[in-house]
There are 2 protein chains.
Amino acid sequence: MVQPAAPESTAERFDVRRREILLSASRAYRERGFHATGMREIAQAAGMTAGNLYHYFAGKEALLAFCQEESARRLNELAAWVEEQPLRADARLHALIVGHVLVLNEGLPGSLAHLEVESLEGEGRRRVVALRDRYEEALRGILGDGMDAGVLRRADLKLTALAILGAINWTVKWFRPGGKSSAREVGEHFAEQLVRGLLAPEMELARPAGEVPIFGATARREHGATHTDPSRTR
Amino acid sequence: MVQPAAPESTAERFDVRRREILLSASRAYRERGFHATGMREIAQAAGMTAGNLYHYFAGKEALLAFCQEESARRLNELAAWVEEQPLRADARLHALIVGHVLVLNEGLPGSLAHLEVESLEGEGRRRVVALRDRYEEALRGILGDGMDAGVLRRADLKLTALAILGAINWTVKWFRPGGKSSAREVGEHFAEQLVRGLLAPEMELARPAGEVPIFGATARREHGATHTDPSRTR
DNA sequence: TACCTTGTTGAACCGTGGTTCAACCCGCCG
DNA sequence: CGGCGGGTTGAACCACGGTTCAACAAGGTA
C-alpha cells in the first residue's frame, strides 16, 4: 500500500488536522445529534483537547457548517458526474439516488442529514443553503427533463423531489454500517422503488449500467495551500 | 358553535392543562428542535412559568415522551382505521400514507418526526418505541399482504417501509401550513408517488374512495379521571 | 543562543437551561 | 373561620457545555 505523502507545509498540516476533526465530529453528530454532542467529546475522539479545537475552528457552529459544507460539495460533485453520464432521465435519477445514499452513509462516515441548517446562522448557513439548493436544483432538473421527454409522469416537481430527498435523508437515522444491507444495496433498493414511482405509463425502467462511484471516499483531493477558510474567521 | 363542557374534576382540569402544554411543546419542538427549545420557552407559550410545568410533567424528557406517545397513538389509530376499510392493499397503503402525513402536519400541530427517540431514555423511550414498532408492523403488514396478493411487487419489506417512512417523516422538516400545498395535497401526492413505486407489473392503481380522516384533530377524546400517568412518576 | 511561529494543554470563566421549593393565592368544606 | 388541596410564582441552585487564554513545548531560522 502506498503511503500518502507526509504533509509538508503548515497549511497542509492544518488542513489534514481539520479533516481529522471533521470525521470525528461528523460521526459524533450522526450518533448523537449536533446538540447532544459536546466539543470535549469531539476533541477526545480526534485525540486532542477541546481548547485545541478552537485553533482550527472558530466555534461549534463553524465546525458544523464545515461538516455540512463538505457533504453538500460531494453531493454537487455527484450531481455533476451524473450529468455527464450518457443516460436517460430515469437512469440518471437512479444513479443520483444511489450516489446520494452512498455519500451519506459511506463516503463521508457520519454524514448528517441533508442538510440540517437549523443550527446554523449567518454566512455559514448561507453557504450551506446555497450548495444545498444547487443540488436540489440538479435533482429537479433531472426530473423535469424526464417529464419533458415523456419518460417520467407529470407531477409537481417540488413535491416529487421532496419525497425522494426525504426517503434518502432519513437513511441517516437508521442506517448503520455492518447491518443487514450495505449502503449500496440500500441505495439500489431505494432507487428502484423511487424511480418506479415516477415512470410514465408503458415505460420500461432503465438503469445505469456501471457502478456509481462513492463521492467522499478517503484520500480525496489535494487541497491548495489555502489558509483563508472563512469558517475560521474571527 | 357548541362550547366544550367546562372541566369538572381536578383530574379533568389536570388533563386539559397537560394537553395545552402538549400543543405548545410540540409546536416549539417542531420549530426549533427538542434541544434548542427550553422549558421557559414552552411555559411561556402555554401561558405559565417554567416552574409550573413540573406540576404536570416530571421533566423535559417526560414532556417529550408524552408528545411522542401522543403522536404514536394517533398513528396506530390511523392504522387500525385503515385496517377496517374494505380496500385492496395498494389503496390501503395510499390511505395510510395520506393519513400519516395528516397526523404529522395537521392533526397534531407541531408533531415531531416519527418518532425521534434519541433524546428519550428508560421507560418513556420503551413505550414510544413499542408504539412506533406497532405502527411500522402494521405498515409492513399492508405491504406484505399486497405482495402476497400480487398487487405489489416483491421487495424487501423493511427497506420498502423505511423508504416510505423516510419520505413521510421528512415532511416535518419542510412542511409549513399555509404553504403552496395543504397537508392533504402533500399526502395525496406522496401516496401516489410511493404506491406507484410498488405496484406489480400490469397492475392498475387503486385508490381509496373516501377522504382519509385526520387523527389528532382537536376535541379528541374523553379521558377517564386518571391520575396515574407514569410520565409524572417521581 | 534568542526569537518567532505553530501547536497543545488545563484551568478557569460564564452563560444557559433544567430543576427545586418556599411562599402565596384561591376555592371548597366542615 | 381554619384547614386542606390544587395551582402558580419567582428566585435560587447547580450542572453542563461553549469558550478563552496564559503557559508551555517543539521546531526552525537568523
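Up top you'll find the structure we're talking about.
Residues numbered from 1 in each chain as written. Chains lettered and ligands numbered in written order. Predicted model: local features only at pLDDT ≥ 70, side-chain atom pairs only at ≥ 80, totals over all residues. Heavy atoms only, no water.

A.B. asks: I would appreciate a short explanation of the overall build of chain A in the present structure.
C.D. replies: When you go through chain A residue by residue, the secondary structure sums to eight helices and zero strands. Shown N-terminal to C-terminal, the secondary structure of chain A runs as helices and strands in the order α-α-α-α-α-α-α-α. Here chain A holds 234 residues, and the buried ones make up 53% of them. Looking at chain A alone, contacts between residues at least 24 apart form 73% of all its contacts between residues at least 6 apart. Accessible surface computed for chain A: about 10900 Å², of which carbon and sulfur atoms make up 51%. (Helix = DSSP H or I, 4+ residues; strand = E, 2+ residues; numbered from the N terminus. Buried < 20%, exposed > 50% of the residue type's maximum accessible area, 1.4 Å probe, protein only. Contact = heavy atoms within 4.5 Å. Areas by Shrake-Rupley, 256 points an atom, 1.4 Å probe, with all protein chains shown as cover.)

A.B. asks: For this particular structure, what's the right way to read the interface of chain B and chain A?
C.D. replies: Many authors give the size of an interface as the accessible area that is lost as the parts come together. Listed by partner, the interface residues are 32 residues for chain B and 32 residues for chain A. Together chain B and chain A conceal approximately 2800 Å² of surface at their shared face, both sides included; 66% is due to carbon and sulfur atoms. The largest contributions to the chain B side of the interface with chain A come from Leu159, Trp170 and Gln193 of chain B, which together make up 25% of the buried area. A salt bridge links Asp156 of chain B to Lys180 of chain A, with the shortest nitrogen-to-oxygen separation between them at 2.8 Å. Applying the counting rule to chain B against chain A returns six residue pairs in polar contact (both at pLDDT 80 or more). Listed by contribution, the elements that provide at least two residues to the side of chain B that touches chain A are helix 7 (157–169), helix 8 (171–174) and helix 9 (183–196) of chain B. The biggest single contributor to the side of chain B that touches chain A is helix 7 of chain B, with nine residues. Partitioning the side of chain B that touches chain A into residue classes produces 14 nonpolar, nine polar and nine charged. (Buried area = accessible area lost by both parts, 1.4 Å probe. Salt bridge = Lys/Arg side-chain N within 4 Å of Asp/Glu carboxyl O. Polar contact = N/O pair within 3.5 Å; in protein donor to acceptor, adjacent residues only side chain to side chain. Nonpolar A, V, L, I, M, F, W, Y, C, P; charged D, E, K, R; others polar.)

A.B. asks: Got a minute to help me understand the pattern of salt bridges in this structure?
C.D. replies: Opposite charge on two side chains lets them pair, provided their charged atoms get close. Summed over all chains, the structure comprises 30 salt bridges over all chains. In this structure, Glu70 of chain A and Arg74 of chain A form a salt bridge, with 2.5 Å as the shortest nitrogen-oxygen distance. Taken as a pair, Glu70 of chain A and Arg74 of chain A lie in helix 4 (residues 60–84) at a separation of four residues, close to a single helical turn. Just as Glu70 of chain A is buried, Arg74 of chain A falls in that class too. Here Glu69 of chain B makes a salt bridge to Arg127 of chain B, at a shortest N to O gap of 2.9 Å.

A.B. asks: Got a minute to help me understand the protein's contact with DNA strand C in this structure?
C.D. replies: Taken together, the neighbourhood of DNA strand C is formed by 17 residues, with Tyr56 of chain A together with Met39, Arg40, Tyr54 and Lys60 of chain B sitting nearest. Here DNA strand C approaches the protein such that, of its atoms within 4 Å, sugar and phosphate make up 58%. Within the contact set of DNA strand C, a phosphate oxygen lies 3.0 Å away from a side-chain nitrogen or oxygen of His55 of chain A. Between DNA strand C and Arg40 of chain B, the relevant distance is 2.8 Å, taken from a base oxygen to a side-chain nitrogen or oxygen of the residue. Those elements that place two or more of their residues in the surface near DNA strand C are helix 1 (10–32) and helix 3 (50–56) of chain A together with helix 2 (39–45) and helix 3 (50–56) of chain B. Here the surface near DNA strand C gets four residues from one element, more than from any other, and that element is helix 3 of chain A. (Near = heavy atom within 4 Å.)

A.B. asks: Would you mind showing me how to read the packing of aromatic side chains here?
C.D. replies: The geometry of an aromatic ring pair comes down to the distance between the two centres and the angle between the two planes. Counting across every chain of the model gives 13 aromatic pairs over all chains. Between Trp174 of chain B and Phe175 of chain B, the aromatic rings sit 6.3 Å apart at their centres with planes inclined by 70 degrees, giving edge-to-face as the arrangement. Put simply, the rings of Trp174, Phe175 and Phe190 of chain A pair up and form one aromatic cluster. Across from the ring centre of Phe34 of chain B, 4.6 Å away, lies the NZ or CZ of Lys60 of chain B, which sits over that ring. (Phe/Tyr/Trp six-rings, centres within 6.5 Å; stacked < 30°, edge-to-face > 60°. Lys NZ or Arg CZ within 6 Å of the ring centre and 35° of its normal.)

A.B. asks: Teacher, can you tell me more about the protein's contact with DNA strand D here?
C.D. replies: If you check the shell around DNA strand D, you find 17 residues, and the closest are Met39, Arg40, Tyr54 and Lys60 of chain A together with Tyr56 of chain B. Counted by atom, the contact set of DNA strand D within 4 Å of the protein is 60% sugar and phosphate. Asn52 of chain B is positioned with one of its side-chain polar atoms (N or O) 3.0 Å from a sugar or linking oxygen of DNA strand D. Within the contact set of DNA strand D, a phosphate oxygen lies 2.6 Å away from a side-chain nitrogen or oxygen of Tyr56 of chain B. Elements with a minimum of two residues in the surface near DNA strand D: helix 2 (39–45) and helix 3 of chain A together with helix 1 (10–32) and helix 3 of chain B. Per element, the largest residue contribution to the surface near DNA strand D is four residues, and it comes from helix 3 of chain B.

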